[in-house]
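The residues making up each chain are set out below.
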Amino acid sequence: MIKLHHLENSRSQRIAWLLEELGVDHEIVTYRRDPATLLAPASLRAVHPLGKSPVITDEGRGGRAIAESGAIIDYLVAHHDRDDRLAPPAGSEAHERYRFWLHHAEGSAMPPLVMRLVLSRLGQPPVPALARPLGRLFARGVEQQYLGPQVRQLMDYWEAALEASPWFAGEAFSAADIQMSFPVLALEAGGGLDEHPRLAAFLGACREREAYRRAVDRVGEFSLG
């Protein structure tokens, strides 16, 4: 039994999807965000000292806690992908691509997206009303001079990567696509993918998977609303 400690409307949606793809017996424990700060509740620290999601506990291995999306995916694929469906064979070119995208999603893709989200809230409560105009001005400058170009470069890179194959590691769907789904989903929610049709097609193909739909039925799909 795997227990997923899921924070509502967060990147832990990916782990719910992976568990459905693997057909693993699992339980989902949902945590609500603090309505004022939108941060994870302190109760998550009882599961892992960082108090962040996703975290899984493996009840079959003494309740061992594993944090970080990439580490969780590695762990679940290593222990539960009995048919070797979700990772290309070790040593293959496809596996090299798989490993790159598995780590790129959190290492390069998410930092500018998280920064963009944080800056977008500088003009909203709980920022003091008098400081909000300055916050919005600062956020707009960072977006124009830094974040916007960075995000466009990432999106163009992903679009080009999907030119040769429908999935990031090659012709076959893999756990790397589950990992990459979140930054693409976040960009769709934040502004759309009109100029990146391959990314839009990628998300469409993800949404057509039965395991994806089962996960969304259980935990919802990420939204900025």
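Residues numbered from 1 in each chain as written. Predicted model: local features only at pLDDT ≥ 70, side-chain atom pairs only at ≥ 80, totals over all residues. Heavy atoms only, no water.

A word on the confidence of the model for the protein chain. Atom-level detail of predicted coordinates should not be read off regions where pLDDT is low. When the pLDDT values of the protein chain are averaged, the result is 93; 100% of them are 70 or greater. When pLDDT is averaged over each element of the protein chain, helix α1 (residues 13–22) comes out on top at 98 and helix α4 (residues 132–161) at the bottom at 91. (pLDDT = per-residue confidence, 0-100. Helix = DSSP H or I, 4+ residues; strand = E, 2+ residues; numbered from the N terminus.)

Applying the stated criterion to the full structure yields 13 salt bridges. Residue Arg209 pairs with Glu21 through a salt bridge whose shortest N-O separation is 2.7 Å. With a gap of 188 residues between them, Arg209 in the loop between α6 (197–207) and α7 (210–219) and Glu21 in helix α1 connect regions that are remote in the sequence. What makes Arg209 partly exposed here is its relative accessible area of 24%. A relative accessible area of 9% means that Glu21 is categorised as buried. Measuring nitrogen to oxygen at the nearest pair gives 3.8 Å for the salt bridge that ties Glu159 to Arg198. Separated by 39 residues along the polypeptide, Glu159 in helix α4 and Arg198 in helix α6 bring together distant segments of the chain. (Salt bridge = Lys/Arg side-chain N within 4 Å of Asp/Glu carboxyl O. Buried < 20%, exposed > 50% of the residue type's maximum accessible area, 1.4 Å probe, protein only.)

Turning to the nonpolar core, a few remarks are in order. In summary, soluble globular proteins display a tendency toward joint burial of nonpolar side chains. Counting 53 residues, the largest nonpolar core has Ile56, Leu76 and Trp158 as its most contacted members. Elements with a contribution of two residues or more to this core: β1 (2–7), α1, α2 (69–80), α3 (93–120), α4, α5 (175–190), α6 and α7. Among the elements that make up this core, the one with the highest residue count is α5 (9 residues). Apart from residues lying up to four places away in sequence, Trp158 is in contact with Trp101, His104, Ala109, Phe168, Met180, Pro183, Val184, Leu187 and Leu199. Tyr31, Val47, Val55 and Ala67 belong to the second largest nonpolar core, which has 6 residues in total. (Core = buried A, V, L, I, M, F, W, Y, C linked by side-chain atoms within 4.5 Å. Contact = heavy atoms within 4.5 Å.)

With that out of the way, let us pick up the sheet that holds strand β3 (residues 55–58). Pairing is mixed in the open sheet, where 4 strands are placed in the order β2-β1-β3-β4. The open sheet has two edge strands, β2 (26–31) and β4 (64–67), and neither has a second partner. Strand-to-strand twist across the sheet, computed as the mean angle between neighbouring axes with direction ignored, equals 20°. Bridge analysis of β1 against β3 gives 4 bridges, and the strand direction is antiparallel. Looking across to β3, one finds that Leu4 is bridged to Ile56. Its contacts with the sheet place α1 against β1, β2 and β3, and it is angled at close to 150° to β1. (Pairing = 2+ DSSP bridges. Axes fitted to C-alpha atoms, helices over the stretch in contact; angles between N-to-C directions.)

The subject of this paragraph is the side chain of Asp58. Here Asp58 shows up in strand β3. By relative accessible area, which is 5% here, Asp58 ends up buried. In terms of polar contacts, Asp58 uses its side chain to reach the backbone amide nitrogen of Gly60, at 3.0 Å. Side chain to side chain, Asp58 and Tyr75 meet in a polar contact 2.6 Å long. In contact with Asp58, not counting residues within four places along its chain, are Met1, Ile2, Gly63, Arg64 and Tyr75. (Polar contact = N/O pair within 3.5 Å; in protein donor to acceptor, adjacent residues only side chain to side chain.)

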